[in-house]
Amino acid sequence: MNSIDAAEKVLHDEGRPMRPVEIADRMIQQGLWQTAGSTPGATIDARISVDIRDHGDTSRFQRTERGVFALRSWGLNEYVAKPFRKKPLNIEQEPEPAGAVEVNEDETLEIVAQLSFTDAAERILREYADRKPMNYRDLTRKALELGLIKTRGLTPEQTMYAQILTEMDRNQKRGEQGRFIKHGRGLIGLTNWIDVGLASEIEQHNNEVRKRLRNRLYGITPGEFEDLIGSLLITIGFESVQVTSRSNDGGIDVRGTLVVAGVIRTNMAVQAKRWRNNVQAPIVQQVRGSLGTHDQGLIITTSDFSPGARQEAERSNAVPVALMNGEQLVTLLVEHNIGISRTSYDLIELT
């Protein structure tokens, strides 16, 4: 899967506008894309920006805020940057130093870095809430007042609340300790306000369960592991999934079709490696050699990949092969409740 298709899938699955760094992180975590670069977020920013520039209104993507991308099919308002006019220079005044900010003639602007809705909410709770939960409407008003967010939508409060709840749900599915906690009646607080010992114990417990789940994978048979991978692919949106290794299909263990937004269909050929040692470059070459004309390759392992394997997977002038290591695999299994169960507790507060 190329980076543009992978970015579209991540946005579709998340169902909300996202910054390039978030998109790149999700792509890598889900094994949809691999890169040897040190700034994957910048790479995705550039590729989506080029797609918007080249295709205009027909691009799959759009900007909804500065540095925030969404799918155009969602019908959100388009972000349009407002150009600044340079203030005329009085011949008697000293020139401004290099890098000075240009401002409108009639106003002086306080330059504030705009954030995502959730990052803005975290900052306000951390700096202005005095460790007391705030209603999402108050969070939104404060974020707009401080210029931390900018939106042309008519319901920014609902956007704020929806994005916070979406992030909380995603973290819960992954068994991860998130930033926010819901107190009822629209009140939002920060997780780190809770007693440090309790939060730490929960995180340690979940990390231990993840390790045990990964170790359990080594104890099943290769056939059972391939069946597990087939079930996982179905759960995350693949269609026509078929375990093929028993028919010696050129080293390919599972085949399926990844469907994005009901329109884009990508045939995936998957090799499942229940290994403790890192996968090396020859395995990537073997998978690439087994691909059909319209196939994309994916290797899923319980271990990890050597630097050479990662370089081979992204080799120029060759069909890219996506890589999913053991940590990413366990994250997906936990997110989709495969091999684990959940126990929830209610946190009560005085009103």
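In what follows, the structure referred to is the one given above.
Just so we're clear, the structure is a prediction, and the values are computed from it rather than from any experiment. (Residues numbered from 1 in each chain as written. Predicted model: local features only at pLDDT ≥ 70, side-chain atom pairs only at ≥ 80, totals over all residues. Heavy atoms only, no water.)

Draft legend 1. Representation of the packing of aromatic side chains within the structure. The tally for this structure, following the rule as stated, stands at one aromatic pair. The interplanar angle of 10° and the centroid separation of 4.1 Å between the aromatic rings of Tyr136 and Tyr161 together place this pair among those described as stacked. Highlighted residues: Tyr136 in helix α5 (residues 136-146) and Tyr161 in helix α6 (residues 156-174), separated in sequence by 25 residues. Accessibility classification places Tyr136 together with Tyr161 in one group, the buried group. Directly above the ring of Tyr128 sits Lys142, whose terminal nitrogen or CZ lies 4.7 Å from the centroid. Taking NZ or CZ as reference, Arg276 lies 3.9 Å from the ring centre of Tyr218, over its face. (Phe/Tyr/Trp six-rings, centres within 6.5 Å; stacked < 30°, edge-to-face > 60°. Helix = DSSP H or I, 4+ residues; strand = E, 2+ residues; numbered from the N terminus. Buried < 20%, exposed > 50% of the residue type's maximum accessible area, 1.4 Å probe, protein only. Lys NZ or Arg CZ within 6 Å of the ring centre and 35° of its normal.)

Draft legend 2. Just the sheet that holds strand β6 (residues 238-243), in detail. If you trace the five strands from one edge of the open sheet to the other, you get β6-β7-β8-β9-β10, paired in mixed fashion. Of all strands in the sheet, those with a lone pairing partner are β6 and β10 (321-324), marking the two edges. Within the sheet, the average angular offset between the axes of one strand and its neighbour, ignoring direction, is 25°. Relative to strand β9 (residues 295-301), strand β8 (residues 264-273) runs parallel, the two being bridged by seven bridges. Its bridge partner being in β9, Ala272 is matched across the sheet by Ile300. (Pairing = 2+ DSSP bridges. Axes fitted to C-alpha atoms, helices over the stretch in contact; angles between N-to-C directions.)

Draft legend 3. Fine view of unusual backbone geometry. In this structure, Ser240 is a non-glycine residue whose phi angle is positive, near 50°. Relative to the elements of secondary structure, Ser240 occurs in strand β6. Taking the relative accessible area as the measure of exposure, Ser240 reaches 61% and is therefore exposed. A positive phi angle is found at Asn317, which is not glycine, with a value near 65°.

Draft legend 4. Molecular detail of the pairing of strand β2 (residues 68-71). Of the two faces of β2, the one carrying Val68 and Ala70 and the one carrying Phe69 and Leu71 are both buried. Here four bridges tie strand β1 (residues 61-65) to β2, and the two strands are oriented antiparallel to one another. Pairing of Phe61 across the sheet is with Leu71, part of β2. Where β1 hands over to β2, the hairpin turn is made up of two residues, of which Gly67 adopts a positive phi near 75°.

Draft legend 5. Expanded view of the environment of Met268. Looking at the element boundaries, Met268 is found in strand β8. Not counting residues within four places of it along the chain, the set of residues in contact with Met268 comprises Phe238, Val254, Arg255, Gly256, Leu258, Gln296, Gly297 and Leu298. (Contact = heavy atoms within 4.5 Å.)

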